[in-house]
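Residues per chain are reported as follows:
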2 protein chains.
Amino acid sequence: MKAEIIAVGTEILVGDIVNTNAQFLSERLFALGIDMYYQTVVGDNPVRLKEACRLAFSRADLVIFSGGLGPTDDDLTKETVAEYFHVPLLFHTEIVEEIKQYLNGRYPLSNEKQAYIPEGAQILHNAYGTAPGIILEKNEKIAVLLPGPPREIMPMFQDQVEPYLKAKSDFVMESKVVRLFGIGEAKVGETVLDLMNGSNPTVAPYAKDNEVILRISAKAKTANDAKSMIEETRKEIETRLGEYIYGYDEQTMAKTTAALLLDRGLTVACAESCTAGRLTAALGDVPGISSVLSESIVTYSNDAKMKYLGVSPKTLQAHGAVSAETAEEMARGIRKAAGADIGVSVTGIAGPDGGTEEKPVGLLYIGVCYQDEVSVLKLQLHGNRDKVRQGAVMHGLNAIRKRILA
Amino acid sequence: MKAEIIAVGTEILVGDIVNTNAQFLSERLFALGIDMYYQTVVGDNPVRLKEACRLAFSRADLVIFSGGLGPTDDDLTKETVAEYFHVPLLFHTEIVEEIKQYLNGRYPLSNEKQAYIPEGAQILHNAYGTAPGIILEKNEKIAVLLPGPPREIMPMFQDQVEPYLKAKSDFVMESKVVRLFGIGEAKVGETVLDLMNGSNPTVAPYAKDNEVILRISAKAKTANDAKSMIEETRKEIETRLGEYIYGYDEQTMAKTTAALLLDRGLTVACAESCTAGRLTAALGDVPGISSVLSESIVTYSNDAKMKYLGVSPKTLQAHGAVSAETAEEMARGIRKAAGADIGVSVTGIAGPDGGTEEKPVGLLYIGVCYQDEVSVLKLQLHGNRDKVRQGAVMHGLNAIRKRILA
């Protein structure tokens, strides 16, 4: 099967947003073994959208549209595709009910537009917005219409479009993501170069913020065959890079660390300076975390470090707020204040100002106090304020994980 | 002038990288007042690249290519465009010298390919890589060939392509972004429908997470003329939607609220339950915030709410942790504990579990204590855990902002 993607939206053509949907869809289609030769972006214009539609269907069997399903007059994807296929739009009262439920009883008149669906189409439920998705099959061509916002399109594609596409394929594609932390992409690439040159399974590395990801993909007659091919490659990667692997698939660092805490029944509390709550918030992203995380304190000021964490004024004076000594006392202090099993501290210089020659922007200390023992990690990160703070969160989570596993 | 962008690279089609170059180029071309109706992505395949080239030039005067200028055999953009224009490639010894200089004296044989340039083309210097850029004009069509890596294409476009394009244009384009909170895209669309139907200035809405953005763009002989056209439309939008406007251009909600706090010299402290540090972290994203934010506390558990914030056990027992009464006591408590001007509290049910009929997932209370007076906002948000928590942050920031401005 050949596919194309058409992203609809003037906001992409004028550069207001990055077309991340195209990357998401490309990655998923590739994983399904579906070929793609072209991607197109077109504005909210019916003539040009129709032309893009015609061109894409002349080259491909499956065209996935993202965007243009909203309630406003310039949202035209559904109308244009229906016209292209010569299919009328029918009003669905059950969609009105869904929209009402989503909008808490409200139902602005303009949303009425979203309750019209091309005749004969399959309706895709939208759990995160008012625009339903659509699958329309006619004359051996398939149009899949999806909403533009990433948080709407992603679950809709994974939960509803992928099973549909998988059912149409006569082989199975499986893939597994290996997540590595503490090693660069170039080094990972060198280490698994021979595996990357294979054609089935394929191994492809990607550098994400502060981590490297290896995707292993295999094509086979059955899911089990594909999975065992993947497992063999995974074992080989583990042999070479095991010390850097922290998780697989959707197990992000936050999820991995949270799962360890929940599994062992270990409580944790954080004392955050430069991350200002981001470390706690990252743990807080994981449902159910409140059973092992009852409190954390953001202590930007020295006063707050003394008041809540009992950091000694002498330590602050002698070594400064960004020091191994302060990180240690913060970790001990939060553990004691919270009565938690593990106390974690982060103190550092996020920038853009505040750096000195001795303590440059990006300098970080992370303390972990467990069973009354504190280990402090000193790091020098690079990049802007956001990157330094995000890096601090990843290192903080990893430090908790390593300490539990030690 | 009409333009199109063609991004060349199989790595985009398989989802390995996001096409951020397209956004960069779109934004810059829009600012230059150059219209763009289509963008295309095509793989490293000579037949399909030539077809994409032919199609783009049939619709546009200017086609900008990114990628495919590298030294390897699958880099084909230059060869394909030269063939399309029926122009030979000529060898340039001065490019060999530049590459040698860039590579510190080394000159791998494969780089020889990069020293060939279509006859009659303008060569663009690459300060951050070995691939020179190219501007080729023929038969009133312009091809601009740029390297793929963002750090190479960005300076090359800004420093060398923009002056070239500006010299060809006889008008200027300006734009302004209006940021709205507390109103949906559909309602905004209804309210400014007549303005959205205008052609100069244009007004275009789009929904971001928890906010709606309107972009006003105007084209004129001078920047001043364009700006005053925009200002007239902005005033009209303000008249209709002023109560929802919180900022303009790059002034996100976090930046707007932080700027107000910094401007008024008001200190703030947060007591967070379901947001688990995200509200404080959002303020912490803004450089310099530590002069008005010295501490915050994450209090997931009732114990922590009592211990740090002095929430009364009776209140918790009578009304529960997610209640207006608890939110009020939390806001008072954090203000007092921190000795801050403003105390903010967030308590709610982020889900996916923990909801009841009486207190469903998405129920939130936000308290703001200022000058010893507390106002509590009750909200019912929708969506998954992440969306509820992100919405809580936006509402929390907005509540601080509103209270200061009240």
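Reading guide: rules and limits
- Residues numbered from 1 in each chain as written.
- Chains lettered and ligands numbered in written order.
- Predicted model: local features only at pLDDT ≥ 70, side-chain atom pairs only at ≥ 80, totals over all residues.
- Helix = DSSP H or I, 4+ residues; strand = E, 2+ residues; numbered from the N terminus.
- Buried ≥ 20, exposed ≤ 12 C-beta atoms within 10 Å, placed from the backbone.
- Contact = placed C-beta atoms within 7 Å.
- Pairing = 2+ DSSP bridges.
- Axes fitted to C-alpha atoms, helices over the stretch in contact; angles between N-to-C directions.
- Domains from an automatic or database assignment.
- Nonpolar A, V, L, I, M, F, W, Y, C, P; charged D, E, K, R; others polar.
- Core = buried A, V, L, I, M, F, W, Y, C linked by C-beta atoms within 7 Å.
- Parallel < 35°, antiparallel > 145°, perpendicular 65-115°, else oblique.
- Left-handed = near helix turned anticlockwise from the far one by under 90°.
- Expected span 1.5 Å × (residues − 1).

**Quick word on the overall build of chain A**
Here's step 1: For chain A, the helix and strand inventory stands at 15 helices and 17 strands.
Here's step 2: On the principal axes, the C-alpha backbone points of chain A span a range of 80 × 55 × 40 Å.
Here's step 3: In chain A, buried positions account for 49% of the 406 residues.
Here's step 4: At a minimum sequence separation of 6, the contacts of chain A that also span at least 24 residues come to 65%.

**What about the sheet that holds strand E3 (residues 62-66) of chain A?**
Here's step 1: The strand order E6(A)-E7(A)-E8(A)-E3(A)-E1(A)-E2(A)-E2(B)-E1(B)-E3(B)-E8(B)-E7(B)-E6(B) describes an open sheet built from twelve strands, whose pairing is mixed. The open sheet has two edge strands, strand E6 (122-124) of chain A together with strand E6 (122-124) of chain B, and neither has a second partner. Along the sheet, successive strands turn relative to each other by an average axial angle of 15°, direction set aside.
Here's step 2: In terms of strand pairing, strand E7 (residues 133-138) of chain B meets strand E8 (residues 141-146) of chain B through five bridges, oriented antiparallel. Its bridge partner lying in E8(B), B:Leu136 is registered against B:Ala143.
Here's step 3: Against the sheet, helix H4 (residues 77-84) of chain A engages strand E1 (2-8), E3, strand E7 (133-138) and strand E8 (141-146) of chain A, with an angle of about 170° to E8(A).
Here's step 4: Here helix H4 (residues 77-84) of chain B sits on the sheet in contact with strand E1 (2-8), strand E3 (62-66), E7 and E8 of chain B, set at roughly 170° to E8(B).

**Structural notes on the sheet that holds strand E15 (residues 342-348) of chain B**
Here's step 1: Here we have ten strands laid out as an open sheet, ordered E17(A)-E16(A)-E15(A)-E13(A)-E14(A)-E14(B)-E13(B)-E15(B)-E16(B)-E17(B), and mixed in their pairing. The sheet is open, and its two borders are formed by strand E17 (373-380) of chain A together with strand E17 (373-380) of chain B, each paired with just one other strand. On average, each strand axis in the sheet is tilted by 15° relative to the strand beside it, whichever way the strands run.
Here's step 2: With respect to the sheet, helix H12 (residues 302-309) of chain A is in contact with strand E13 (268-272) and strand E14 (295-299) of chain A together with strand E14 (295-299) of chain B, its orientation differing from that of E14(A) by roughly 150°.

**Examining the domain arrangement of chain A**
All names here are of chain A.
Here's step 1: Its domain assignment divides chain A into domain 1 (2-168), domain 2 (172-248) and domain 3 (253-405).
Here's step 2: Relative to domain 3, the C-alpha centre of domain 2 lies at a distance of 31 Å.
Here's step 3: Between domain 2 and domain 3, the residue contacts involve six residues of the former and seven residues of the latter.
Here's step 4: Among the residues making up the side of domain 2 that touches domain 3, the classes are represented as two nonpolar, two polar and two charged.

**Points about the pairing of strand E15 (residues 342-348) of chain A**
Residue and element names in this part refer to chain A.
Here's step 1: In terms of residue burial, E15 counts as a mostly covered element, since seven of its seven residues are buried.
Here's step 2: Taking every second residue as pointing to the same face, both faces of E15 are buried, with Ile-342, Val-344, Val-346 and Gly-348 on one and Gly-343, Ser-345 and Thr-347 on the other.
Here's step 3: Where E13 and E15 come together, five bridges link them in parallel fashion. Residue pairing in the sheet places Cys-270 in a bridge with Val-344 of E15.
Here's step 4: Two strands pair when backbone bridges link them, and E15 and strand E16 (residues 363-370) are joined in this way by seven bridges, in the antiparallel orientation. Looking at E16, one finds that Gly-343 is bridged to Cys-369.

**A few points about the nonpolar core**
Here's step 1: Ranked by internal contacts, the top residues of the largest apolar core, which has 110 residues, are A:Val268, B:Val268 and B:Val368.
Here's step 2: Discounting residues that sit within four places of it in the chain, B:Val368 has contacts with B:Ala331, B:Ile342, B:Val344, B:Val374, B:Ser375, B:Ala399, B:Ile400 and B:Arg403.
Here's step 3: Listed in part, the 109 residues of the second largest apolar core include A:Leu49, B:Met36, B:Leu49 and B:Val144.

**Focus: the interface of chain B and chain A**
Here's step 1: Taken together, the 60 residues of chain B in the interface contact 60 residues of chain A.
Here's step 2: Only helix H2 (20-31), strand E2 (35-42), helix H7 (185-191), strand E10 (202-208), helix H11 (278-284), E14, helix H12 (302-309) and helix H15 (385-405) of chain B provide two or more residues apiece to the side of chain B that touches chain A.
Here's step 3: If one sorts the elements of the side of chain B that touches chain A by residue count, E2(B) sits on top with seven residues.
Here's step 4: Residue classes in the side of chain B that touches chain A are distributed as 24 nonpolar, 21 polar and 15 charged.
Here's step 5: Two elements, strand E2 (residues 35-42) of chain A and E2(B), share five bridges in a ladder whose sense is antiparallel. Residue pairing across strands places A:Tyr38 opposite B:Val42, the latter belonging to E2(B).

**Some words on the packing of helix H2 (residues 20-31) of chain A against helix H6 (residues 150-168) of chain A**
All names here are of chain A.
Here's step 1: Axis separation between H2 and H6 bottoms out at 10 Å; the angle between their running directions is 20°. Looking at the two axes, H2 sits roughly parallel to H6. In this structure, the crossing between H2 and H6 has a hand that is right-handed. For the pair H2 and H6, the contacting residues are Thr-20, Asn-21, Phe-24, Leu-25 and Arg-28 in the first and Pro-150, Ile-153, Met-154, Phe-157 and Glu-162 in the second.
Here's step 2: Taken together, the residues that form the contact of H2 with H6 break down as six nonpolar, two polar and two charged.

**Considerations on the packing of helix H10 (residues 253-264) of chain A against helix H15 (residues 385-405) of chain A**
All names here are of chain A.
Here's step 1: It is the contact of H10 with H15, at a shortest axis distance of 9 Å, that shows an interaxial angle of 35°. Here the hand of the crossing between H10 and H15 comes out left-handed. Residue-level contacts link Met-253, Ala-254, Thr-256, Thr-257, Leu-260 and Arg-264 of H10 to Met-394, Leu-397, Asn-398, Ile-400, Arg-401 and Ile-404 of H15.
Here's step 2: Partitioned by chemical class, the residues of the contact of H10 with H15 number seven nonpolar, three polar and two charged.

**Re helix H14 (residues 324-338) of chain A**
Residues and elements named next belong to chain A.
Here's step 1: Given a rise of 1.5 Å per residue, 15 residues ought to cover 21 Å, and the 21 Å separating the end C-alpha atoms of H14 matches this to within 8%.
Here's step 2: Within H14, eleven of the 15 residues are buried, which leaves the element mostly enclosed by the surrounding structure.
Here's step 3: Those residues of H14 that fall on the buried side of the exposure criterion are Thr-326, Ala-327, Glu-328, Glu-329, Met-330, Ala-331, Arg-332, Gly-333, Ile-334, Arg-335 and Ala-338.
Here's step 4: At the C-terminal side of H14, Gly-339 shows a positive phi close to 60°.

**Concerning unusual backbone geometry**
Residue and element names in this part refer to chain A.
Here's step 1: Following Asn-200, the chain continues to Pro-201 via a peptide bond in cis, the omega torsion being 5°.
Here's step 2: Structurally, Pro-201 can be placed in the loop between helix H8 (193-196) and strand E10 (202-208).
Here's step 3: Even without a glycine there, the phi angle at Asp-249 is positive, about 55°.
Here's step 4: Within the element layout of this structure, Asp-249 appears in the loop between strand E12 (245-248) and H10.
Here's step 5: Asp-249 sits in the exposed class, given 12 other C-beta atoms within 10 Å.

**Details of the environment of A:Lys387**
Here's step 1: Counting through the fold element by element, A:Lys387 comes out in helix H15.
Here's step 2: For the pair formed by A:Lys387 and A:Asp209, sequence separation is 178 residues and the distance between their alpha carbons is 8.0 Å.

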